[in-house]
Amino acid sequence: MKQYRLTEGPLLDERGHLLEAGYATSLVRQYDRGKIRAGRSRIKEWDYYLVYNDSFGIALTIADNSYMGLVSASFLDYENRYERTLSPMFLFPNGKTGFPSSSKEGDVKKECKGASFSFCHEAGGRRLVCAIDSFEDGLPFRCDVLLTDEPEDSMVIATPFPAKKTAFYYNQKIIGMRASGEVEYCGKKYFFEPKKSFGLLDWGRGVWTYENTWYWGAAQGAIAQHVVGFNIGYGFGDTSRATENMLFVDGKAHKLDRLSFNIPVDENGREKYLEPWTFTSCDGRFEMEFTPILDRAACTDLKLLCSDQHQVFGHYDGRAILDDGTELYLSHFLGFAEKVYNKW
């Protein structure tokens, strides 16, 4: 499949239509919320960070989905296969959360009852400072984490939705930043050491159609003194011009073609998320087995509004091939893969 690389310029035209669909390794197209011509209730903006080492991790989100916003924190205990997530919501932010138009600069902060979140740029990195007063058993969750060594390349994709010309998704995944800092959870302190701890950013801006399912996976870590990571996914919008599949080695991107998530199912066709998965690619450049250890599952079904999420953490084992033909072998490489259905 031929994949189209984005050129520089505005993201949207004066009608609010996506000017160009494709991929890039940086935000070459400029997002401007003021150019959106869809109903304001359809605009969705968020920053999601996932920071982890081999023992534990945290996931942090600030989101402004127009009629509903949230801050969310997860503590992920890989050794004991346990997770705790709390997501305080707030109503009708309608863009007032103040997300910057680029991931390169600008800060986002949000306080709501019992919670305070701040994602800020500072010299040399990004600082994530978050607190929820009563997170589990009446005890707080707090973190102060610094992400540094941002890679040169990232995954960027501009995706249209054929059913609606004013719908689009502009997404960046920055994978393989070094992480340092501390987390307080259930009265105990946990520490991220930069040699063994990494962070990624999922930066999203867009106008979505009402009902969607997506598949997404990522991993990051160190292999023989090299920082290695990948982003994989599909299912969301029209990706006929480009996939979001990329490998990263020491901050440089290697573009992948199409691949499939092979999730095991039972006799009734229901996914068995904690059974081993496989991943296969159309050109043989990404062939992996995935052994789950933890399913961060959440389902809210209000009929008109529904979100069914399974973010499964586990270990990747297999082979990937770089652009120059070099074979990269992953063994017990910690990451995640997810399937998410949304109707909202």
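So, here is what we can say about the structure in this document. Keep in mind the model is a prediction, meaning the values are calculated, not measured. (Residues numbered from 1 in each chain as written. Predicted model: local features only at pLDDT ≥ 70, side-chain atom pairs only at ≥ 80, totals over all residues. Heavy atoms only, no water.)

### Structural notes on the overall build of the protein chain
Formally: Starting at the N terminus, helices and strands are each numbered in turn, a helix being any DSSP run of H or I of at least four residues and a strand any DSSP run of E of at least two. Here the radius of gyration uses the C-alpha set of atoms, whereas the globule reference equals 2.2 Å times the residue count to the power 0.38. Summary of the burial criterion: residues with accessible area below 20% of their type's maximum are buried, those above 50% are exposed, and those between are partly exposed, where the area comes from a 1.4 Å probe applied to protein chains only. Computed with a 1.4 Å probe, the accessible areas rest on the Shrake-Rupley method; for each residue, only the protein chains presented here act as cover. For this count, His and the chain ends are skipped, Lys and Arg are scored as positive, and Asp and Glu as negative. Lysine's charge is taken at NZ, arginine's at CZ, aspartate's at CG and glutamate's at CD.
For the protein chain, the helix and strand inventory stands at 0 helices and 25 strands. On C-alpha atoms alone, the protein chain measures out to a radius of gyration of 19 Å, which is about the 20 Å that the 2.2 N^0.38 rule sets for 344 residues. Considered along the principal axes of its C-alpha atoms, the protein chain spans approximately 50 × 50 × 50 Å. Scored against the burial criterion, the 344 residues of the protein chain give a buried share of 59%. Carbon and sulfur atoms provide 50% of the accessible area of the protein chain, an area that totals close to 14,900 Å². Distance from the positive charge centre (41 side chains) to the negative charge centre (48 side chains) of the protein chain: 6 Å.

### Points about the sheet that holds strand E18 (residues 226-234)
Applied cut-off: Pairing between strands requires that DSSP locate at least two bridges from one strand to the other. Note on method: axes are straight lines fitted to C-alpha atoms, helices fitted across the in-contact stretch only, with angles between N-to-C directions ranging 0 to 180 degrees.
The 9 strands lie next to each other as E20-E19-E18-E17-E25-E24-E23-E22-E21, forming an open sheet whose pairing is antiparallel. Only two strands of the sheet have a single partner each, and these edge strands are strand E20 (252-255) and strand E21 (259-262). For this sheet, the mean inter-axis angle between neighbouring strands, taken without regard to orientation, is 20°. Pairing of E18 with strand E19 (residues 246-249), which is carried by 4 bridges, proceeds in the antiparallel orientation. Bridging from a neighbouring strand, Asn231 pairs with Met246 of E19.

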